[in-house]
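Tertiary structure, described
Residues per chain are reported as follows:
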Amino acid sequence: MKEVRLMKGNEAIAEGVIRAGCDGYFGYPITPQSEVMEYLFANKTKERTGMIVLQAESEIASIHMVYGGAASGKRVMTSSSSPGISLMQEGISFMAGTELPCLLMNCVRGGPGLGTIQPSQSDYFQAVKGGGHGDYKMIVLAPASVQEMYDFAKLGFELAFKHRIQVMVLSDGAIGQMMEKVELDEQVPRWTDEEIVKLHPWAATGKTPDRKRNIITSLDLNPVKQEIINRNLQKKFKHIEETEVRFEKIMCDDAEYLFVAYGSSSRICQKAVALGRAKGIKVGLLRPITLFPYPTKELAKLAKQVKGMLSVEMSAGQMVEDVRLSVNGAVPVEHYGRLGGIIPAPDEVLNVLEEKFIKEKLLCKTH
Amino acid sequence: MQDTLTNEEICKPENMVYHRTALLTEAPLSYCPGCGHGTAHRLIMEVIEEMKMQANTIGVAPVGCSVLAYDFMDIDMQQAAHGRAPAVATGIKRLYPDKFVFTYQGDGDLAAIGTCETIHACNRGENITIFFVNNGIYGMTGGQMAPTTLPGMKTATSPFGRDVETMGHPLKITELIANLPGTYFVTRQSVHTPANVRKAKKAIEKAIQYQKLNKGLNFVEIVSNCNSGWKMTPLESNKWMEENMFPFYPLGDIKVPK
């Protein structure tokens, strides 16, 4: 039987990376995710698996430490919350340009600016559309439970090395702070230095006589070459869009109306689906698990079946743009969001769905 | 015996007195003629070759004139964002404590945008080696004022001379980090005369050897010229450096192991 523990989301991802064979964590404290680094230090990772944990002088330094560690072929990560992730964007862009694998976790809080320490989903654009300078994408995983915070550590490293890409776990203050039970896996061993040389021949580990020197750089001043580099990056993102889409469908088979929500909001909408069904409303939920790549095709299919979609987000309306692009006008798409760290209630979002799609329609009929 | 050797005799291996280290690639240096970067590159690569450390070395290149250092050094290298080389090197060294890890940075990179990373890597006593080339100007972007630009010195962004009242004072970052408990060996050298080149090579040897002791960060500043940015001939710039830079940035060891 699997080992089960009651954990906070932030602790679960920390335990997850230890068990996924992570080599190095470089971080800087920021609410509401400081438990990640605290948990790693308290668990004596150096003694347990040999994993290095270092508190850097800033988020800027920590992402560039990750950049250095990733270049040497190791499994490395950092975590932060919105303002800290903003500071890291240049480093993430450098890793996109050099195609280095790493795991990032953003425990999103409300903004802009210092904003609030309460949960929010207002960093969707930053995570999904690139964030830093240049044309690039990261794989973005959106956990909706503490179990997924744990699971996405291992999955994140697998995807990061499979595609040589940065993987961001886009959580929020609610997922990071709440406690749920977590099923834990066996320890994945850390790679030895010899394994890294074999598995990752691109890594800068010291030039040996049997190969040319490995240069990790995003610079090429020749525009013709730079365009080729960029086209190859785009090919990779396209391939990821075709192969790595993940989503969950709840009560969608006979649904006439659809909630689209990820992370904390999807938990609220799951409850709202149950409330709606109890009232006889045929409502379902599509929960994107990967935000890039986005479940565009699945939404396009559902657009042929449902009468309306409601994107529920703790933001002023960011993911709703991707829902609209996916359905391409085939069905009305509305947005409902709470801002500033407020989580909507299930009956609140169900009311919105009824008002936007059902009651209005009834009114139209009566007039 | 003849006074002079024929060309054929000169080319005989037994008469060879000097050759390019195998660790410098054949790529032509992109530096301006007269610039000190080429000599600094050569010395570091010579020492790594002599110590047989190529397979054990990872270098970090900066942003600035030496952004393409990896084109000339035949070792594994990573190009860092502007100022972040000490953080990048920290990430590498923490995961590979047995490798020799160094950064190669200019004054804008190390002492302006990267001051935070420089000071904290030094203060944590990261077991890395920093080679810091200080020519008092931003070379690559076209000769703007650097944190190490001398008072009164004319640059593209201090066209009437650096006015310390409004533009601040030149930063003696090397003296500053020498005060931190995390630094082990801190020295300031130059490469503008054969005698100085020999001294600088000795300092570079020490800074590389000492990393094996795991006693903290080793730091070699090389005060250099920027004849293009200073708008002088190479010879004039070396003279100007001796007369103006060295009084403000005196050469010699600043912190030596006890």
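Cut-offs applied
- Residues numbered from 1 in each chain as written.
- Chains lettered and ligands numbered in written order.
- Predicted model: local features only at pLDDT ≥ 70, side-chain atom pairs only at ≥ 80, totals over all residues.
- Heavy atoms only, no water.
- Helix = DSSP H or I, 4+ residues; strand = E, 2+ residues; numbered from the N terminus.
- Rg over C-alpha atoms; globule rule 2.2 N^0.38 Å.
- Buried < 20%, exposed > 50% of the residue type's maximum accessible area, 1.4 Å probe, protein only.
- Areas by Shrake-Rupley, 256 points an atom, 1.4 Å probe, with all protein chains shown as cover.
- Lys, Arg positive; Asp, Glu negative; His and termini not counted.
- Charge placed at Lys NZ, Arg CZ, Asp CG, Glu CD.
- Core = buried A, V, L, I, M, F, W, Y, C linked by side-chain atoms within 4.5 Å.
- Domains from an automatic or database assignment.
- Contact = heavy atoms within 4.5 Å.
- Buried area = accessible area lost by both parts, 1.4 Å probe.
- Salt bridge = Lys/Arg side-chain N within 4 Å of Asp/Glu carboxyl O.
- Axes fitted to C-alpha atoms, helices over the stretch in contact; angles between N-to-C directions.
- Parallel < 35°, antiparallel > 145°, perpendicular 65-115°, else oblique.
- Left-handed = near helix turned anticlockwise from the far one by under 90°.
- Nonpolar A, V, L, I, M, F, W, Y, C, P; charged D, E, K, R; others polar.
- Pairing = 2+ DSSP bridges.
- Polar contact = N/O pair within 3.5 Å; in protein donor to acceptor, adjacent residues only side chain to side chain.

Secondary structure summary: chain B contains eleven helices and nine strands in total. What you see for chain B is a C-alpha radius of gyration of 19 Å, in line with the 18 Å of a compact globule of 258 residues. Looking at the 258 residues of chain B, the share that counts as buried comes to 56%. Accessible area for chain B stands at about 11100 Å²; split by element, carbon and sulfur atoms hold 57% of it. With 24 positive and 25 negative side-chain charges, chain B shows a spacing of 7 Å between the two charge centroids.

It is worth spelling out the nonpolar core at this point. Residues Val17, Leu40, Leu258, Val260, Leu291, Leu299 and Met309 of chain A are the most contacted members of the largest nonpolar core, which totals 124 residues. It is helix 8 (residues 146-163) of chain A that contributes the most residues to this core, ten residues altogether. Counting the residues that make up this core, at least three belong to each of domain 1 (3-194) and domain 2 (248-366) of chain A. Residues within four places of valine 17 of chain A in sequence aside, it is in contact with Cys22, Leu40, Met51, Met77, Leu103, Ala153 and Phe157 of chain A. Listed in part, the 36 residues of the second largest apolar core include Phe72, Met77, Val197 and Ile204 of chain B.

All names here are of chain A. Segmenting chain A into domains produces domain 1 (3-194) and domain 2 (248-366). Between domain 1 and domain 2, the C-alpha centre-to-centre distance is 28 Å. Counting from both sides, the interface comprises 28 residues of domain 1 and, opposite them, 26 residues of domain 2. Roughly 2100 Å² of surface becomes buried between domain 1 and domain 2 when both sides are summed, with 54% attributable to carbon and sulfur atoms. If you sort the residues of domain 1 by the area they bury against domain 2, Gln121, Tyr124 and Phe125 come out on top, with a joint share of 33%. At the boundary of domain 1 and domain 2, one finds three salt bridges. Across the pair glutamate 148 and arginine 287 runs a salt bridge, and its minimum N-O distance is 2.8 Å.

Another point: the packing of helix 1 (residues 9-19) of chain A against helix 8 of chain A. All names here are of chain A. Close contact between helix 1 and helix 8 brings their axes to 7 Å; oriented N to C, the two are set at 30°. Taken together, helix 1 and helix 8 sit at an angle that is classed as roughly parallel. In this structure, helix 1 meets helix 8 at a crossing whose hand is right-handed. Residue-level inspection shows Gly9, Asn10, Ala12, Ile13, Glu15, Gly16, Val17 and Arg19 of helix 1 in contact with helix 8, the latter providing Val146, Met149, Tyr150, Ala153 and Phe157. Residue composition of the contact of helix 1 with helix 8, by class: eight nonpolar, three polar and two charged.

This brings us to the sheet that holds strand 8 (residues 217-223) of chain B. If you walk across this open sheet you meet the eight strands as 9(A)-2(B)-1(B)-3(B)-4(B)-8(B)-7(B)-9(B), and the pairing is mixed. With partners counted over all chains shown, the strands left at the sheet margins are strand 9 (215-216) of chain A together with strand 9 (252-255) of chain B, one partner each. Examined bridge by bridge, strand 9 of chain A and strand 2 (residues 76-79) of chain B share two bridges and lie parallel to one another. By the bridge assignment for strand 2 of chain B, isoleucine 216 of chain A is matched with glutamine 78 of chain B. The strands touched by helix 2 (residues 37-50) of chain B are strand 1 (57-61), strand 3 (100-106), strand 4 (129-134) and strand 8 of chain B; relative to strand 3 of chain B, the strand with the most contacts, the crossing angle is about 175°.

This next bit is on the environment of valine 331 of chain A. Within the secondary structure, valine 331 of chain A is located in the loop between helix 14 (319-327) and strand 15 (333-337). What valine 331 of chain A contacts, discounting residues up to four positions off in sequence, is Ala303, Val306, Lys307, Gly308 and Met309 of chain A.

Contacts between chain A and chain B engage 36 residues on the former and 34 residues on the latter. Surface buried jointly by chain A and chain B totals about 2800 Å² across both partners, of which 60% is contributed by carbon and sulfur atoms. Here chain A is connected to chain B by three salt bridges. Where arginine 211 of chain A meets aspartate 76 of chain B, a salt bridge forms, and the shortest distance between an N and an O atom there is 2.6 Å. The tally of links between chain A and chain B comes to 18 residue pairs in polar contact (both at pLDDT 80 or more). The element best represented in the side of chain A that touches chain B is helix 4 (residues 59-71) of chain A, accounting for eight residues.

Let us now look at the side chain of asparagine 10 of chain A. Residue position: asparagine 10 of chain A is located in helix 1. Leaving out residues up to four positions away in the same chain, asparagine 10 of chain A has contacts with Pro32, Gln33, Glu35, Val36, Met105, Cys107, Met149, Gly176 and Gln177 of chain A.

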